[in-house]
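Given next are the chains, with one letter for each unit.
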Amino acid sequence: MQEIAKRLLRPAGLLAFFMFIGFLVAAGCGGATGESEGSAREIVSGETGEAVDEYASAVERYGFTGVLLVAREGEPLVRKGYGLADDDEGRPNTPITVFPICSLTKQFTAAAILRLEMEGILSTEDPLTEFFDDVPEDKGEITLHHLLTHTAGIAGSVGRDFEEIDRDEAVGRILEAPLLFDPGSRTSYSNAGYTLLAAVVELASGASYEEYMHDKLFEPAEMMHTGYSIPDWDEARLATLYDEETANGTLLDRSYPYWNLIGNGGMMSTLHDMFLWYEALKGEEVLDASAKEKLWTPFLDDYAYGWDVFESPKGTVVQHDGASMLGANAEFRWFMDEDVVVILLSNRSYRGVPMFEVVREEVEKLTFGDEISVPPRGIELEDEELDRAVGSYRLPSGGSLGVMREKDMLKLVTYDQDAVNALFQPDADPDTFDDLNAKAGRLIAAAVSGRTTSFIEELGDEATARRVQTLLVSELKSFAQRSGAPLTASISLGTVPVGDDGMAITGMKVRNTEGESHRMSFWWRGGRLVGIDQRGFDISIPMAPVSETEFVGYHLAFARVLPVEFVVGEDEAVSALRMGSRTASRAGGLLKGHEHDAGREGHDHGGDGSHDAGREGHDHGSHDAGHEDHGHDR
């Protein structure tokens, strides 16, 4: 989770914060041409591979879903699928399951531009006027280099991913939109900028964007299952996308692809193909040494050409990620000095954040030889044995907890700061985070009432206050419009510490007059607001039974094993629950106001689907509610 904290410092884009922040062959996996039987083989090799697989297999029950590859010096240690590609069909994920790769598409676009430069067709220093007519004067000095590094000042996005729009109309909208800043002066993650680059690929090559990618990049790398429409997709191999439990189908269920998405997101691929791409980048058949040097040389804010490049304790890291509000998310991280690559593709979000964010740290610790706590997989209990524990519980100090059913498990939900403290920091002063809870409430109240001065008073900086107000007003207005009822109040669900660098997250619930609610989360560092996540952050904890009365709670993002015991009386009824030294007494049914709160109610993003669930593109205050990808992360 410290990785999240780092990326929240990225500049923000549209609706974002400025300065904030081996495989089993499954039934139906037979496939299209060009794919060997070995591509679906499951691999778990050596002590490191076994350790990673033990963790990933254990946390499947706690919500982990996806396909994972860990390789060292080109040799896979783990190459395996976890969880289901489709819940209804019970179809498992495999290395040849097809996933959207979200903003990992951008590094392919960057590679295409560099390939065209290798061919002598263009230069990354060429201005937009070399390719487009009627470029507005304020954009005349924008170069391909600016677009590639997100330093052009181009708007983050100008429309919905699945809007039926052609290339020329998309280009026109982008060029007409006001610049955010002078080109080259700072960074602002832009999906639209990569749409322009895709258009340049077409205009410079004379081929369609996807045809050029297929002929010059994918076919030489033997990647036969990467692209938009050219691969002969076997729909039985496409992963169904889930935003938590909401099934969103596949990208082929939508109008796809159109030009708000082409070049910046929405490509589909497999784990097998993405490993082939890693191997291609190690060679020079696709890109020569000079092109790769440009590809991985960062400009501003550690961003190079379609890749994030930065120094870590393990040396230079080249990486990118992406996430869709439909649930798809993907990450590719290459520790170049040790030649370790970690690739994760997932079809499900986890408690409101991309899957890669919550398992990355544990996977990488194991990859580099560190030890972690792995939760037990638990046992199966009958429905009535699980149901008897469902209800509300009160701590002696007044805090409230809820226990709910979650499939074959239970879920422990916190309703206030005292309950959060009991779970995550039992020795803390109970008033530790009261100020952050109150501050988040005041910011929401100011957004509802339109009091601009309150934002300035709370945040100090006028520019920051303006951006925060814009984001909050837009999000709350969207919820009110979707629900058709005015907003009445906000409730703090508590603040939880994340990592060891002063990072904390405050969960907030906003209610309307009909009793519906919408969750948001506020991200802080050292008491300073560094991001707002419009999707909320669920701090409830899944619990797997290890006996009839003993459970183990494990939240992937916090990676802490929490033993919980239910106290059962002679009448077989549950009277209390124990968490270490803390005991909470049964309080009857669910607490008033939480009867329908399964931890994510009101979680309608209002978007059709995708981009930038995070970084200014990349920060957690940026969710463009309807644009596809999560950009890059460090």
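No experiment lies behind these values; they were computed from the predicted model shown. (Residues numbered from 1 in each chain as written. Predicted model: local features only at pLDDT ≥ 70, side-chain atom pairs only at ≥ 80, totals over all residues. Heavy atoms only, no water.)

Participant: Is there a simple way to think about the overall build of the chain in this case?
Facilitator: The number of helices and strands found in the chain is 15 helices and 25 strands. Carbon and sulfur atoms provide 47% of the accessible area of the chain, an area that totals close to 22300 Å². (Helix = DSSP H or I, 4+ residues; strand = E, 2+ residues; numbered from the N terminus. Areas by Shrake-Rupley, 256 points an atom, 1.4 Å probe, with all protein chains shown as cover.)

Participant: Please explain a negative patch on the surface as it appears in this structure.
Facilitator: A cluster of like negative charges, contributed by D232, D234, E235 and D253, occupies part of the molecular surface. Considering the arrangement of structural elements, one finds D253 in the loop between β8 (246–247) and β9 (268–269). (Patch = residues over 30% accessible without salt bridge, like charges linked within 9 Å, V, L, I, M, F, W, Y side chains within 5 Å. Salt bridge = Lys/Arg side-chain N within 4 Å of Asp/Glu carboxyl O. Lys, Arg positive; Asp, Glu negative; His and termini not counted. Charge placed at Lys NZ, Arg CZ, Asp CG, Glu CD.)

Participant: Just to check I follow, could you spell out the pairing of strand β22 (residues 550–555) for this structure?
Facilitator: The side chains of a regular strand alternate, first on one face of the sheet and then on the other. Burial analysis of β22 places five of its six residues in the buried class, the great majority of the element. With three bridges connecting them, strand β21 (residues 541–545) and β22 associate as antiparallel partners. When the bridges of β22 are listed, A544 appears paired with V552. Here β22 runs beside strand β23 (residues 560–568); their pairing, made up of six bridges, is antiparallel. Each bridged residue has a counterpart across the sheet, and for F551 the counterpart in β23 is V564. Connecting β22 to the next strand, β23, in antiparallel fashion are four residues, including A559 with a positive phi near 50°. (Buried < 20%, exposed > 50% of the residue type's maximum accessible area, 1.4 Å probe, protein only. Pairing = 2+ DSSP bridges.)

Participant: Looking at this structure, I do not really get the sheet that holds strand β11 (residues 315–323). What am I missing?
Facilitator: Adjacent strands of a sheet form backbone hydrogen bonds with each other and so pair up, either parallel or antiparallel. Within the open sheet, the seven strands sit side by side as β1-β3-β2-β13-β12-β11-β10. Their pairing is antiparallel. For this open sheet the edge positions go to β1 (43–44) and β10 (308–312), each flanked by a neighbour on one side alone. In this fold helix α2 (residues 46–59) packs onto β1, β2 (66–72) and β3 (75–82), with an angle of close to 15° to the strand it touches most, β3. (Contact = heavy atoms within 4.5 Å. Axes fitted to C-alpha atoms, helices over the stretch in contact; angles between N-to-C directions.)

Participant: Explain unusual backbone geometry here, please?
Facilitator: Comment: phi is negative for the bulk of residues other than glycine, and the bulk of peptide bonds are trans. In this structure, P257 follows Y256 across a cis peptide bond, with omega equal to -10°. Position of P257 among the secondary structure elements: in the loop between β8 and β9. In the Ramachandran plot, C102 falls in the positive-phi region, its phi being about 55° despite a non-glycine side chain. Along the chain, C102 falls in the loop between β6 (99–100) and α3 (105–118). Of note, D302 is a non-glycine position whose phi angle comes to about 65°, a positive value.

Participant: In this structure, what is going on with the pattern of salt bridges? I would like to understand it.
Facilitator: Where charged atoms from two side chains of opposite charge come close, those side chains can pair. Taken as a whole, this structure holds 28 salt bridges when the rule is applied. Taking the shortest distance from any N to any O, the salt bridge between R61 and E380 comes out at 3.7 Å. Placement of the pair is R61 in the loop between α2 and β2 and E380 in the loop between α10 (355–367) and α11 (383–387), with a sequence separation of 319 residues. Across the pair D383 and R405 runs a salt bridge, and its minimum N-O distance is 3.4 Å. Residue D383 is found in helix α11, and its partner R405 is found in strand β15 (residues 400–406); the two are separated by 22 residues along the sequence. Classification of R405 as partly exposed rests on a relative accessible area of 31%. Each of D87, E245, R348 and K407 takes part in salt bridges that share partners, so that together they form one network.

Participant: What's the story with the sheet that holds β21 in this structure? I'm lost.
Facilitator: Here eight strands make up a closed barrel; going around it, the order is β14-β15-β16-β21-β22-β23-β24-β25 and the pairing antiparallel. Each strand axis lies, on average, 30° off the axis of its neighbour in the sheet, ignoring direction. Pairing between strand β16 (residues 409–414) and β21: three bridges, direction antiparallel. Note that in β21 the partner of L412 across the bridge is I541.

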